[in-house]
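A structural walkthrough
Below are the chains, spelled out letter by letter.
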Amino acid sequence: MFVFKPLCSPGHQDVDIFHLFNDVAITDKKWLATFETDTPRILFEKKGRKYGPDYINHLKKLVPYLAADNCLALIALSKAALHMQQKLLLDNGDLSQAILKKTVVMHPPQKLHTTHRLPRDAQSPVHFVFIGNEFFRKGGGEVVQAFCELIEESRLRSDQVKVTLIGDLKKTYNYALNEFQDDEAFSESTLAAIAKHDIFTHHSFMPNESVLALFQEADIGLLPTWAETYGFSVLEMQSCGCPVITTNVRALPEINPDSVGWQVVNTLNDERDYEIRSEEEKLSLRQRNIEQLKTIIMDVVANPDQILEKANAAIQRIKTEHDLTSYREKLRAIYNQ
């Protein structure tokens, strides 16, 4: 239930502060938490009733721990997370004010893996890389379909691009689709398309060191995800000088503005998510995502100079917005309260 009860053994007496991720601490010691969605983060039935009696009772039980003096701060990973936190606390009166007063937005730090991206070889195909363990939730199916349609429509030649795919093709469940999950035919057609077209290279898994090396070699990253709490892989790609194509859900517009990457833009609900309420809505949204991906891909292939410009802008963005030293200083100021 995302609740952390510190151990009270003698070995923990020297702990000054507990810093948690997505948790609420029940302790007499000082504590703070970083969160990516909202906090308290309470599990609920997949079929809804998020705000049913059980949820409300659990929320009321945990909110006072956030308002207590020994809770030093709550760190939202993004403005999107802060927005959700504000919504969560709407009905909590004075407690809400006390909690929001100590809530700050601090995007996570990111180590730079390259300080400057060199011009690409104009004769080589544009190299795209997609990574997502949950292949279909992260938009892998739409990536494959977009490239296949461009080739089959004779708008793109197979020698103009190459696409490295990293992810588990067996992970077909997509929580963003609710009860409107894709049937087996969709995943099977995706696998068949990968096997059919030689532009694709697929890896079920790749060690992080190899992934980072790949990002530094590739031209453009892909994360046209259906749902995302933050988007840490975007930071890793940017830190390698690999600009990214993302959707506009949750924090992605904050970390991937047009100056450093590309966005597939669709209407979001008040929680900054896609809202799928029918099979028709799902299919319509999928087609819009695919069409926007196709437009971006063709624009990049026709105008490859923008890759270098966005790559170095992305590196600079990591330097200024996700600097480790600056983050450490902000944390130390909170710890020393």
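In the block above lies the structure referred to throughout.
Structural notes, computed from the coordinates. (Residues numbered from 1 in each chain as written. Predicted model: local features only at pLDDT ≥ 70, side-chain atom pairs only at ≥ 80, totals over all residues. Heavy atoms only, no water.)

Within the protein, the regular secondary structure consists of 11 helices and 12 strands. The C-alpha atoms of the protein give a radius of gyration of 22 Å, which matches the 20 Å a tight globule of 337 residues would have. Reported as C-alpha extents along the three principal axes, the dimensions of the protein are approximately 65 × 45 × 35 Å. Each of the 337 residues in the protein was classed as buried or not, and the buried ones make up 50%. Counting contacts in the protein only where the partners sit at least 6 residues apart, residues at least 24 apart contribute 71% of the total. When the accessible surface of the protein is split by element, carbon and sulfur atoms take 52% of a total near 16500 Å². Charge centroids of the protein, computed over 38 positive and 46 negative side chains, lie 5 Å from each other. (Helix = DSSP H or I, 4+ residues; strand = E, 2+ residues; numbered from the N terminus. Rg over C-alpha atoms; globule rule 2.2 N^0.38 Å. Buried < 20%, exposed > 50% of the residue type's maximum accessible area, 1.4 Å probe, protein only. Contact = heavy atoms within 4.5 Å. Areas by Shrake-Rupley, 256 points an atom, 1.4 Å probe, with all protein chains shown as cover. Lys, Arg positive; Asp, Glu negative; His and termini not counted. Charge placed at Lys NZ, Arg CZ, Asp CG, Glu CD.)

Oppositely charged side chains can pair when the atoms bearing their charge come close. Summed over all chains, the structure comprises 19 salt bridges. With a shortest N-O distance of 3.3 Å, lysine 87 and aspartate 270 are connected by a salt bridge. With lysine 87 in helix H2 (residues 79-88) and aspartate 270 in the loop between strand E12 (262-264) and helix H9 (279-302), this pair connects stretches of sequence that are 183 residues apart. Relative accessible area serves as the criterion here: at 30%, lysine 87 is assigned to the partly exposed category. Among the ionic pairs, glutamate 291 bridges to lysine 294, the shortest N-O distance being 3.4 Å. Taken together, the positions of glutamate 291 and lysine 294, both in helix H9 and three residues apart, correspond to about one turn of that helix. Judged by relative accessible area, which is 2%, lysine 294 ranks as buried. (Salt bridge = Lys/Arg side-chain N within 4 Å of Asp/Glu carboxyl O.)

All right, on to the sheet that holds strand E8 (residues 161-168) then. Taken in spatial order, the six strands of this open sheet run E9-E8-E7-E10-E11-E12, and their pairing is parallel. Here the strands that pair on one side only, and so sit at the sheet edges, are strand E9 (200-203) and E12. Strand after strand, the sheet turns through a mean of 20 degrees between neighbouring axes, direction not considered. Packing against the sheet, helix H6 (residues 208-217) makes contact with strand E7 (126-134) and E8, and its axis sits at approximately 150 degrees to E7. Seen against the sheet, H9 touches E7, E8, strand E10 (220-223), strand E11 (244-247) and E12 and runs at an angle of roughly 160 degrees to E12. (Pairing = 2+ DSSP bridges. Axes fitted to C-alpha atoms, helices over the stretch in contact; angles between N-to-C directions.)

Now for the environment of glutamine 97. Tracing the backbone through its elements, the reader meets glutamine 97 in helix H3 (residues 93-101). The spacing of glutamine 97 and serine 284 is 187 residues in sequence and 41 Å in space, taken between C-alpha atoms.

A few words now on the sheet that holds strand E6 (residues 103-105). The parallel open sheet is built from four strands, whose spatial order is E2-E4-E5-E6. Looking at which strands have only one partner, the edges of the open sheet turn out to be strand E2 (17-21) and E6. Across the sheet, the mean angle from the axis of one strand to that of its neighbour is 20 degrees, orientation sign disregarded. Pairing of E2 with strand E4 (residues 30-35), which is carried by five bridges, proceeds in the parallel orientation. When the bridges of E4 are listed, leucine 20 appears paired with alanine 33.

Let's shift gears to the packing of aromatic side chains. Per the stated rule, a full pass over the model turns up eight aromatic pairs. Taken together, the ring pairs in this structure connect Phe130, Phe135, Phe136 and Phe186 into an aromatic cluster. Looking at arginine 286, its charged tip hangs above the ring of phenylalanine 186, at a distance of 3.9 Å from the centre. (Phe/Tyr/Trp six-rings, centres within 6.5 Å; stacked < 30°, edge-to-face > 60°. Lys NZ or Arg CZ within 6 Å of the ring centre and 35° of its normal.)

Another point: the pairing of E7. Among the nine residues in E7, seven count as buried, and that is most of the element. Two strands pair when backbone bridges link them, and E7 and E8 are joined in this way by seven bridges, in the parallel orientation. Directly across from histidine 127, in E8, lies its bridge partner lysine 162. Handedness of the crossover joining E7 and E8 through helix H4 (residues 140-152): right-handed. (Right-handed = clockwise from strand over helix to strand, strands pointing away.)

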